[in-house]
Amino acid sequence: MTATATKVRQLVRPTVVPVRFLLVFVLFLLSTVAFLDRTNISIAGVALAQEYGLSQVQLGWVFSAFLIGYAGFQIPAGWLAVRLGPRNILTLGVLWWGVFTALTAIVSPTAGHALLALILVRFGLGVGESVVYPAANQFVARWIPVQERGKANGWIFAGVGAGAGLTPPILNAIIESYGWRASFWFCAIIGCIAGLLWYVAARDRPEEHPRVSDAELEQIRAGIDAAGPTARPPIPWRRIFANRDVWALTISYFTFGYVVWIFFSWFFIYLAEARGLNLKTSALYSMLPFIAMTICCLLGGVINDALVKRHGLRWGRCGLPVVALLLTAIFLALGSMADSAGVATVILAGGAGAIYLSQSAYWSVTADFAGPHAGVVAGVMNMGCQVGGAITASLTPWIAAGLGWKSAFFVAAALAVIGAFAWLLVDPTRRLDEHRLVT
């Protein structure tokens, strides 16, 4: 703890709400903005494709470009979160992606190689957004006691559903009034404001924050492994990439990403084109999966912490995602076969909600067993998720065009089952520093 922080702590009255909860809420807002900025193109996609003369497959390339940039920089983002701290790297990342969100609106359809320019801009946006969750996980590892991590991650990732859920009605209204480019300017401005708010409010460690009371600081320290090193330990790259738990989580999160990015990138277009709904009705219906994601993400965090308290770290963390992913597979299969657009939307929304019951477990378990390396391990895991998303962004329209949308959802359901069984290999009680290398 620095002398300045100690002196300020003595002069400043502690907040009524613990500082760590307030910062988790700011991370919820950042997560909301992140998904507002990344899913806006799915709402603007119809108008954008018409203006640029893009086919659905070409539009899928634009969707995938973001995810390739996002996936490719997960590990560097995790490393930077460890080295620079979550405060600085998140602020830089948010400002970066605000700029690239605005650049999306600047690309001219009459410019030579306009499609390539769009792909490069969306790739750059993915690079900027890659820092969000590795940095948030590094924050959780440093600030949040083990028994609160499920709820904290539940709130952070509830921003995914909130951001994606707010995207259709808000941006559809902006697009109808001012055109699709205005929606990107709106998202860019909101993103920059959120980044500055985080920089003002956050600190890398609780002992550096002047508004953290002595009582809260003691509670945080008591709930985090006291044996963990306070200095920056060298990153055990070989141990990480040869670790069974890391690989099992990465495979499972790959399947998670494949499923959820059907909703993020194609669900609005699926309702408009496959189910024959008009754009306004599609915008309203497409909110349902994201409302379900938000509610179930929060609920999953509470259940996850309660199960850990009752059944211990392994089954408390791992049992819920197994059940959630199996439920997801059932909902996707049933929803794709429903005749009514309304019934199909509700059932598929159930699948989106079910898979988000597992979301907090992925990120909590990496903080549990990776300790000071949580940002890097989370980056490896999240890279798997984004590779899955990049594949579904381009593969789903190809499957739908050749075999129908029912087949596209059945492929996603099969992957969800694989993801559930991968969780059976995970044991968070084995700390990364204690694991033997898998040969």
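Residues numbered from 1 in each chain as written. Predicted model: local features only at pLDDT ≥ 70, side-chain atom pairs only at ≥ 80, totals over all residues. Heavy atoms only, no water.

Student: Go over the overall build of the chain, please, and point to the residues and values.
Tutor: The secondary structure content of the chain amounts to 20 helices and zero strands. Its C-alpha atoms give the chain a radius of gyration of 21 Å, within 12% of the compact-globule value 22 Å for 439 residues. The principal-axis extent of the C-alpha atoms belonging to the chain is close to 60 × 40 × 40 Å. For the chain, the proportion of its 439 residues judged to be buried stands at 60%. Once local pairs closer than 6 in sequence are excluded, the contacts in the chain between residues at least 24 apart make up 86%. (Helix = DSSP H or I, 4+ residues; strand = E, 2+ residues; numbered from the N terminus. Rg over C-alpha atoms; globule rule 2.2 N^0.38 Å. Buried < 20%, exposed > 50% of the residue type's maximum accessible area, 1.4 Å probe, protein only. Contact = heavy atoms within 4.5 Å.)

Student: Describe helix H15 (residues 287–311), and please don't skip the residues or the numbers.
Tutor: Its 25 residues give H15 an end-to-end C-alpha distance of 35 Å, which sits within 8% of 36 Å, the value for a rise of 1.5 Å per residue. Phi for Gly 312, located one or two positions after H15, is positive at around 90°. (Expected span 1.5 Å × (residues − 1).)

Student: Describe in detail the confidence of the model for the chain, supporting the description with residues and values.
Tutor: A residue-level look at the chain finds 91% of positions with pLDDT of 70 or above and a mean pLDDT of 84. The least confident element of the chain is helix H1 (residues 3–11), whose mean pLDDT is 51; the most confident is helix H20 (residues 405–422), at 94. Taken together, the stretch residues 226–230 has pLDDT below 50 and engages in two contacts with residues farther than four places along the chain or on a different chain. Residue range residues 435–439 is modelled with pLDDT below 50. Its contacts to residues more than four positions away, or to other chains, number 10 contacts. (pLDDT = per-residue confidence, 0-100.)

Student: Give me the pattern of salt bridges: which residues, what numbers.
Tutor: Taken as a whole and judged by the stated rule, the model has nine salt bridges. A salt bridge links Asp 245 to Arg 430; its shortest N-O distance comes to 3.1 Å. Of this pair, Asp 245 sits in helix H12 (residues 244–265) while Arg 430 sits in the segment after H20, placing them 185 residues apart in sequence. For Arg 430, a relative accessible area of 29% translates into the label partly exposed. Across the pair Asp 368 and Arg 317 runs a salt bridge, and its minimum N-O distance is 2.5 Å. Of this pair, Asp 368 sits in helix H18 (residues 359–370) while Arg 317 sits in helix H16 (residues 313–337), placing them 51 residues apart in sequence. Comparing Asp 368 with Arg 317, the two get one shared label, buried. Here the salt bridges share partners, and the residues they tie into one network are Arg 149, Lys 151, Asp 305, Arg 317 and Asp 368. (Salt bridge = Lys/Arg side-chain N within 4 Å of Asp/Glu carboxyl O.)

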